[in-house]
There are 2 protein chains.
Amino acid sequence: MFTAPVPELRLSQSFHRAADQPIGALISQALANPGLISLAAGFVDPSTLPIEATGELTASIFADPSMGRDALQYGTTTGRPDLRAEIFDRFVRPDFGAECPFTPDNLVITAGSNQLLYLLGESLLDPGDIVIAAAPSYFVFLGTLSQLGAEVVGVEADGDGMDPAALEATLIEIKSAGQLNRLKAIYLVSYFDNPAGSTLTASRRAKIIELAKQYSQDQRIMVISDEAYRPLSYEGDDLASMSSMDAASEFVVSAGTFSKSFSPGIRVGWGLLPDELVDAITAQKNNIDFGSPNLNQFIVQRALQTGRYETHVDNLRIAYRLKRDAMLAALDQYLGDIDDVVWRRPDGGLYVWLTLPKHLSASPASALFHLAVERGVLYVPGQYCFPSKGTAVHENTIRLSFGVESAERIADGIRILSLCIQETLASSD
Amino acid sequence: MFTAPVPELRLSQSFHRAADQPIGALISQALANPGLISLAAGFVDPSTLPIEATGELTASIFADPSMGRDALQYGTTTGRPDLRAEIFDRFVRPDFGAECPFTPDNLVITAGSNQLLYLLGESLLDPGDIVIAAAPSYFVFLGTLSQLGAEVVGVEADGDGMDPAALEATLIEIKSAGQLNRLKAIYLVSYFDNPAGSTLTASRRAKIIELAKQYSQDQRIMVISDEAYRPLSYEGDDLASMSSMDAASEFVVSAGTFSKSFSPGIRVGWGLLPDELVDAITAQKNNIDFGSPNLNQFIVQRALQTGRYETHVDNLRIAYRLKRDAMLAALDQYLGDIDDVVWRRPDGGLYVWLTLPKHLSASPASALFHLAVERGVLYVPGQYCFPSKGTAVHENTIRLSFGVESAERIADGIRILSLCIQETLASSD
């Protein structure tokens, strides 16, 4: 009998890079304090979830034996052709003029847009490769990129999204460092940014694509346009997807999802991909899950075909706009008089980006964060959202979400947060 | 305006390793020839899918607003605690005696057992690491391992699964080559093997775990026990899971799934993991999809709680046993008289492993494969199922599945295959 001590379980480099995702710590905080007002979670409002609609959709699927059978069987890895055709007709084709270089075969169905981002990372990036992202950026994808061993270089962004002049300066810098051959992608949340709430203007979209093309010298620099929040628009005109601004359909990937606009518990998203990337993404997805569950794809397809989706999104926009307005009003009321506290008014999405006085840290180790949790409010420390290189990490920032809580609790959360900010400011004077 | 030719899209090493999964080619064959009798697909029989049950389960979920809401919201990455408790009580706890070292917290819910295998690979393996697998083995996981850059070493298996004596010889060889520090795992499909139809005997299970412990000198060698087919048992006694044979719960991972026993279109599986691996798998899954869709987990949970699952599996066993018997009878009738053609009688699962005369290739490039497709029958060439090192690749082998087709079409498929074999043998004489 072999009785030596248990030898070490030696995990992969990929594991060691993945181990510390901030979302885990935040979820633990939330679970440990169930009464917390969560201004942190990017979850959707539970009161808006399409329970009745989904009940009717699933009933109609299983009432039809042929549909029910297909929904319960394996599908293809790229996703149901009928669903891809629906998505193409509704969310892709209308962005294009007379000529559209894409077909439904350029769409791959994924487990939310998040999985598409992961698959793109796996397909494009080797350890040491570079990705440019706005500072701040969607922190979960920053974590994925660092798991893949990529180096993420931040570029300044303002209320109109990533600044093309700052991007160009970064590109010049990367080029003069002889690193252009490692630069694989520019990542943007182009509508109602997570976390910054900003929408990239049309002229910036065009300019960023142009820069990607111009600096694609050693190899192609892909523009990854995360369009997850596009349906959650509360004011202003809709802009065409970034894919539609690349006439040759070679430099841009657009990612969309029904998680925010319908249900994250169903978890269906998609990517619109240049031909060359479709096979790559499909090969990777084959290894990960063989294609998204057919049942979930059927539900979304039927939601689109029956008009249930559009009705739901219309209602959602009304509900979220009210909550956004509640958050903005509370910010005015409770934080309006504090010097050097500023925030952005988002035209859609779920987030308000808040900047505190320069010396006031909102980091997870800060007095403010601990006081806020103690008083019953959870937020996402903005520092999680800054790439590790290229720009400074601004610890005096906060991502606020009006996604989950009611208007009343949002206002109350902001009131408490304001007290915590004032108290922390006073004690640090 | 920038007008140079489009620069190369340079994909990752991971992509280049992933690009050529045989399953893609097989699916293309099947799609291009929709009339084919598929003795290839590991799909479940469409006529057995639980349409009525799932219709009732979803109706009951959405009839309860609180359940409906939970089903449509995000969940936790490890999976619903209620579902994990159900799986633990039914499929884990009963394998143990008085003491069980595991709790439901050792379970992680995944998109089928296949995703668990992927996550294990990502968590354990760096390029150049070694995994030992039976020859033949589940070819999709062989593809995943090669995407991860792992070297897969095959060990001879017979009708009782992997041969421990051959495993020990391989371990000695790896050790004397100074490679033991690269050996991370031994992979087994321990019930009704895909593709070989064999079940690993209890004594071999114990011996293999013992060998893994004994050779865990530089680091731990995990035994990955793929138990996807365990519920599809048609005769013989049920064996306890491999996890239950490792008293200290440190060396074995068992993977299970409801894809085969309930529905692949719902796609819920699980892993029973030593404590140290739970966090690793969860961190990786966070990047891939944030946790499996809540709706799907609810459906499975309700199927277990209402007894719908057990009724379904009972029916499934009857249906598949009939089809297995139809395939075995047709093999007797049509191939019984051909010299050197042998096959194994599986006690469960979906597969029969067929060996042809030594000089008769069944590979995808072979005359036999093309003739079979031309005459309307698709099979999985056995050569896909052999690891690239350690043992010879036997091109004269075929994985037959009785999963998808009716008993009549199975018999007809075997009849046609027999004619193709005889014809190819005659023309090669």
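So, how was this worked out
Residues numbered from 1 in each chain as written. Chains lettered and ligands numbered in written order. Predicted model: local features only at pLDDT ≥ 70, side-chain atom pairs only at ≥ 80, totals over all residues. Heavy atoms only, no water. pLDDT = per-residue confidence, 0-100. Pairing = 2+ DSSP bridges. Helix = DSSP H or I, 4+ residues; strand = E, 2+ residues; numbered from the N terminus. Salt bridge = Lys/Arg side-chain N within 4 Å of Asp/Glu carboxyl O. Buried < 20%, exposed > 50% of the residue type's maximum accessible area, 1.4 Å probe, protein only. Contact = heavy atoms within 4.5 Å. Buried area = accessible area lost by both parts, 1.4 Å probe. Nonpolar A, V, L, I, M, F, W, Y, C, P; charged D, E, K, R; others polar. Least-squares fit on C-alpha atoms with pLDDT ≥ 70 in both. Disulfide = S-S within 2.5 Å. Axes fitted to C-alpha atoms, helices over the stretch in contact; angles between N-to-C directions.

1. Quick look at the confidence of the model for chain A
At step 1: For chain A, the mean per-residue pLDDT works out to 94, and 97% of the residues sit at or above 70.
At step 2: Across the assembled chains, the prediction reports ipTM 0.93 with pTM 0.94.

2. Observations regarding the sheet that holds strand β11 (residues 351-355) of chain A
Residues and elements named next belong to chain A.
At step 1: Across the sheet, four strands lie side by side as β10-β11-β14-β13; this open sheet has antiparallel pairing. Each of the sheet's edge strands pairs with one partner strand only, and the pair in question is β10 (342-343) and β13 (380-381).
At step 2: Relative to strand β14 (residues 397-401), β13 runs antiparallel, the two sharing two bridges. Bridge pairing in β14 links Val-380 to Arg-399.

3. Focus on the pattern of salt bridges
At step 1: The tally for this structure, following the rule as stated, stands at 44 salt bridges over all chains.
At step 2: With a shortest N-O distance of 3.4 Å, A:Asp82 and A:Arg80 are connected by a salt bridge.
At step 3: Taking relative accessible area as the criterion, A:Asp82 reaches 41% and is therefore assigned partly exposed.
At step 4: The exposure class assigned to A:Arg80 is buried, which follows from its relative accessible area of 12%.
At step 5: Close ionic contact of B:Glu151 with B:Lys389 constitutes a salt bridge, the shortest N to O distance being 3.5 Å. Of this pair, B:Glu151 sits in strand β4 (residues 151-158) while B:Lys389 is found in the loop between β13 (380-381) and β14 (397-401), placing the two residues 238 residues apart along the sequence.
At step 6: Of the residues examined, B:Glu151 reaches a relative accessible area of 26% and is grouped as partly exposed.
At step 7: For B:Lys389, a relative accessible area of 39% puts it in the partly exposed group.
At step 8: Sharing partners across several salt bridges, the network here consists of A:Glu235, A:Arg324, A:Asp325 and A:Arg345.

4. Brief notes about the interface of chain B and chain A
At step 1: With 82 residues of chain B in contact, the opposing surface of chain A contributes 83 residues.
At step 2: Summed over both partners, the interface of chain B with chain A buries about 7500 Å², with 60% contributed by carbon and sulfur atoms.
At step 3: Across the contact surface, chain B and chain A share zero salt bridges.
At step 4: When residues of the side of chain B that touches chain A are traced back to their parent elements, those giving at least two are α1 (13-18), α3 (51-63), α4 (65-72), α6 (112-124), α7 (139-147), α9 (202-214), α10 (275-288) and α11 (294-305) of chain B.
At step 5: Considering only residue class, the side of chain B that touches chain A consists of 38 nonpolar, 30 polar and 14 charged.

5. Structural notes on the relation of the copies chain B and chain A
At step 1: Each copy of the sequence occupies a distinct position, and chain B is placed on chain A by a rotation of 180° and an axial shift of 0.0 Å, giving an RMSD of 0.0 Å. The two molecules are tied by a two-fold rotation axis, judged by turn and shift.

6. Some thoughts on the state of the cysteines
At step 1: Scanning all chains against the criterion turns up zero disulfides over all chains.
At step 2: Its sulfur unpaired, B:Cys385 is 20 Å from the next cysteine sulfur, which belongs to B:Cys420.

7. Quick word on the sheet that holds strand β7 (residues 222-226) of chain A
All names here are of chain A.
At step 1: With mixed pairing, the eight strands of this open sheet are ordered in space as β2-β9-β8-β7-β6-β3-β4-β5. The open sheet has two free edges, formed respectively by β2 (107-110) and β5 (161-162), since each of these has just one partner strand.
At step 2: Sheet topology note: the strand β4 (residues 151-158)/β5 ladder contains two bridges and is antiparallel. When the bridges of β5 are listed, Ala-157 appears paired with Met-162.
At step 3: Running over the sheet, helix α5 (residues 81-92) touches β2 and β9 (269-272) and is turned about 110° from β2.

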